[in-house]
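# Analysis of the macromolecular model
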Amino acid sequence: MYLRGRAVTLYAPSEFGDYDVGKIGEAPNEKLKLEWVYGYRGRDCRSNVHLLPTGEIVYFVAAVVVLYNVEEQLQRHYLGHTDDVKSIAIHPDKITIATGQVAGHDKKLGKPHVRVWSSVSLQTLHVIGVGEFDRSVCCVAFSKADGGQLLCAVDEANEHVLSVWDWQKGEKGHKITETKSSTEPVLAAEFHPQDKHCLMTCGKGQVTFWTLDGGTLSKKLGLFDKNDKPKFVLCLAFADNGDALTGDSNGNIFVWGKGGNRITHALTGAHEGGVFSLLFMKDGILVSGGGKDKKIIQWDANYRKTNAETVIAEQYGPVRTLTQGKGNMVVVGTTRNCILQGSLDLEFQPIVQGHMDELWGMAAHPNQNQFLTAGYDKHVYLWDALSHSVVWSNKDLSDGAHCASFHPEGNLVAIGTQTPRWIILDVNTHEVVTTHTDGNEQIECIEYSPDGNSLAVGSRDNHIYIYQVSEKGKKYSRIGRCSGHTSFITHLDWSADSQQLQSNSGDYEVLYWNASTCKQITASSSLRDVVWATQYCTLGFNACGLWPEGADGTDVNGCCKNNKQNLIASGDDNGKVNLFKYPCSQPKTHSHAYGGHSSHVTTIRFLHDDSRLISVGGKDMAILQWEIQ
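Notes on the structure in this doc start here. Source: prediction; values computed, not measured. (Residues numbered from 1 in each chain as written. Predicted model: local features only at pLDDT ≥ 70, side-chain atom pairs only at ≥ 80, totals over all residues. Heavy atoms only, no water.)

## Notes on the side chain of H271
- Within the secondary structure layout, H271 lies in the loop between β23 (263–267) and β24 (275–280).
- Assessed through its relative accessible area of 3%, H271 is described here as buried.
- Filtering out sequence-adjacent residues up to four positions away, H271 remains in contact with N250, G251, S288, G289, G290, D293, K295 and I297. (Helix = DSSP H or I, 4+ residues; strand = E, 2+ residues; numbered from the N terminus. Buried < 20%, exposed > 50% of the residue type's maximum accessible area, 1.4 Å probe, protein only. Contact = heavy atoms within 4.5 Å.)

## A word on the pairing of strand β10 (residues 114–118)
- Most of β10 is tucked away: five of the five residues are buried.
- Side-chain alternation along β10 places V114, V116 and S118 on one buried face and R115 and W117 on a second face that is also buried.
- Here strand β9 (residues 96–101) runs beside β10; their pairing, made up of five bridges, is antiparallel. Along β10, the bridge assignment pairs G100 with V114.
- Sheet topology places β10 next to strand β11 (residues 124–128); four bridges connect them, and they run antiparallel. Bridged to V116 within β11 is H126.
- Hairpin geometry of β10 and β11 is characterised by an intervening segment of five residues between the two adjacent antiparallel strands and by a positive phi of about 60° at L122. (Pairing = 2+ DSSP bridges.)

## Side note on the packing of aromatic side chains
- The tally for this structure, following the rule as stated, stands at 19 aromatic pairs.
- When the centroid spacing of 5.6 Å and the interplanar angle of 75° are considered together, the rings of W422 and Y476 count as edge-to-face. Taken together, the residues span a long stretch of sequence, with W422 in strand β38 (residues 421–426) and Y476 in strand β43 (residues 475–482) at a distance of 54 residues.
- The class for Y476 is buried, based on a relative accessible area of 7%.
- Their ring planes at 50° and their centres at 5.7 Å tell us that Y594 and W626 sit as a pair that is tilted. Of this pair, Y594 sits in strand β51 (residues 592–594) while W626 sits in strand β54 (residues 623–628), and the two are 32 residues apart along the sequence.
- Using a relative accessible area of 14% as the deciding quantity, one classes Y594 as buried.
- Each member of the aromatic cluster is reached from another via a ring pair, and the members are Y38, F371, Y381 and W383.
- The lysine or arginine in question, R460, covers the ring of F488, its NZ or CZ lying 4.1 Å from the ring centre. (Phe/Tyr/Trp six-rings, centres within 6.5 Å; stacked < 30°, edge-to-face > 60°. Lys NZ or Arg CZ within 6 Å of the ring centre and 35° of its normal.)

## Details of the pattern of salt bridges
- As enumerated under the stated definition, the model contains 24 salt bridges in all.
- Among the salt bridges present, the one from D399 reaches R421, with a minimum N-O distance of 2.9 Å. Remark: R421 occurs in strand β38 and D399 occurs in the loop between β35 (389–394) and β36 (401–406); sequence separation between them is 22 residues.
- D399 gets classed as buried once you look at its relative accessible area, which sits at 9%.
- Given the relative accessible area of 29%, R421 is considered partly exposed.
- One connected set of salt bridges, linked through shared partners, spans R41, R43, D44 and D84. (Salt bridge = Lys/Arg side-chain N within 4 Å of Asp/Glu carboxyl O.)

## Describing the side chain of H407
- Mapped onto the elements, H407 comes out in the loop between β36 and β37 (412–417).
- Overall, the relative accessible area of 6% leaves H407 in the buried class.
- A polar contact of 3.2 Å, which involves the side chain of H407, links it to the backbone oxygen of G452.
- If near-sequence neighbours (up to four positions away) are discounted, H407 is found in contact with P366, L412, Y448 and G452. (Polar contact = N/O pair within 3.5 Å; in protein donor to acceptor, adjacent residues only side chain to side chain.)

## Some thoughts on the pairing of β9
- The buried fraction of β9 is high, at six of six residues.
- The two faces of β9 match: T96, A98 and G100 on one face and I97, T99 and Q101 on the other face are all buried.
- In terms of strand pairing, strand β8 (residues 85–90) meets β9 through five bridges, oriented antiparallel. Paired with I90 across the two strands is I97, which belongs to β9.
- What sits between the antiparallel neighbours β8 and β9 is a turn of five residues, in which K94 has the positive phi angle 65°.

What follows is the structure in structure tokens.
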């Protein structure tokens, strides 16, 4: 096969007597169904957790909008988007939802737009603004005073164009008007709950009151007068009496009297650091959420502190958004991509956890329905795929993690980091057993041999380091170094008898090695009948059908065959998870492709019993669990 004009020689096993390169491979009978989504995007999005009357909490991560019933431990998923969801709004009917997305990979399908859909049927009702937005829809809101006939949206481009739509007119809605709102970032936009002609936006250095009159928008800037003008106005909310409230980066909450653009009441120093979210509870009580101080504070009807307050634990991070939960519960989204639930007099418990930096490291447990993820955020999570929960987490790694592999007995896990270091963790105690350093660059891949007596460490420095494993995985003695690749190591596979290795590199080489001597086996045709324990190498005879026509060699980031050896899955740069028959040895092979990730899919693994497939997205930090049907 050829990648970027470079010939890659692959030898067919002897059993392929009459191999026909032109034959087209069939797609498998099996399909994938998205079963669970781990993670939440709180790092850089606002007002994106809401409670529906069904008891479901709705939020988004990557290109998936999740509807999560915590009590029943059920998730439903809206999968209409083609790339990162950036904003969400709930219609006054509490059924219809609007979500805005960023510009995507696909020039035609990936244009930023707003999708309006039903939270009951999960059917798309309207697709609004395709070709109208430039970068991404960073804010979206329904009108309230007229029962939600209008929708406003803010484009995250240089001029932050604010547009108002009659969203129910036709499939694509009808744009009533648009206007340039600000050259600075806009962080929130809302319609006034009592005046259908009034909107409010806030962002860097500004609060703006908009009036929609006869199809045009006119604006009045909020005047800070003698009050400290903040660098950022971070959030806004409306009181029952029609007052508007803003929280800002100075830690102040300002009350803007109904209909005016002046401050009528100032709560200075409400929080230490920024005020990230304001929420009026069902009973009219105001709750504010802080960034730096991580506090949630309650205020009475006269905007005085009630002495009811709580602090979110350091590990979950600053408050990003607050929303009304069941009864007097508050649901909190944090900047560390967690969602918590509780009340001011009870402790807040995590109901969603996730990584908060790029994610590549993932390994499936060898004999349980569990998998481990390790990210650039220096966090390691062990997840249970049946209860969809965190078994344990270790947030004290010295370096960001890039790859992981379980020992065949399941008691240890090897983690390669973004530095030349690799770490062995004890799965039961979560403690570091030992640390080693090889070369002077990041560890790209790490794999235990099937018999558990060897460990191969593939480095960005073009070498593979082989270790003997003894004392039940506690001791590692270096056997040697495999030299021969002219680019960084990307993937490794051990032979089923733990004697040989195959490896791929950044310049599309496939090389073979004797593991006990670390010598390259140059007569690669002599290995055509070797049985490989895994198929993580994306370049190989049994994986050549994974590559689309005209692929440039970096399109397929990872693959994995199942234990029954009848399926192979791949993750690509377009955010797709692809399912093929195994072996996948016809250059043209049909497959099933599934969206949900918005970033490159970095790693993919089947669980030990082949019941599920786990995929992780690099920059989207999402973990998707697929059921095999």
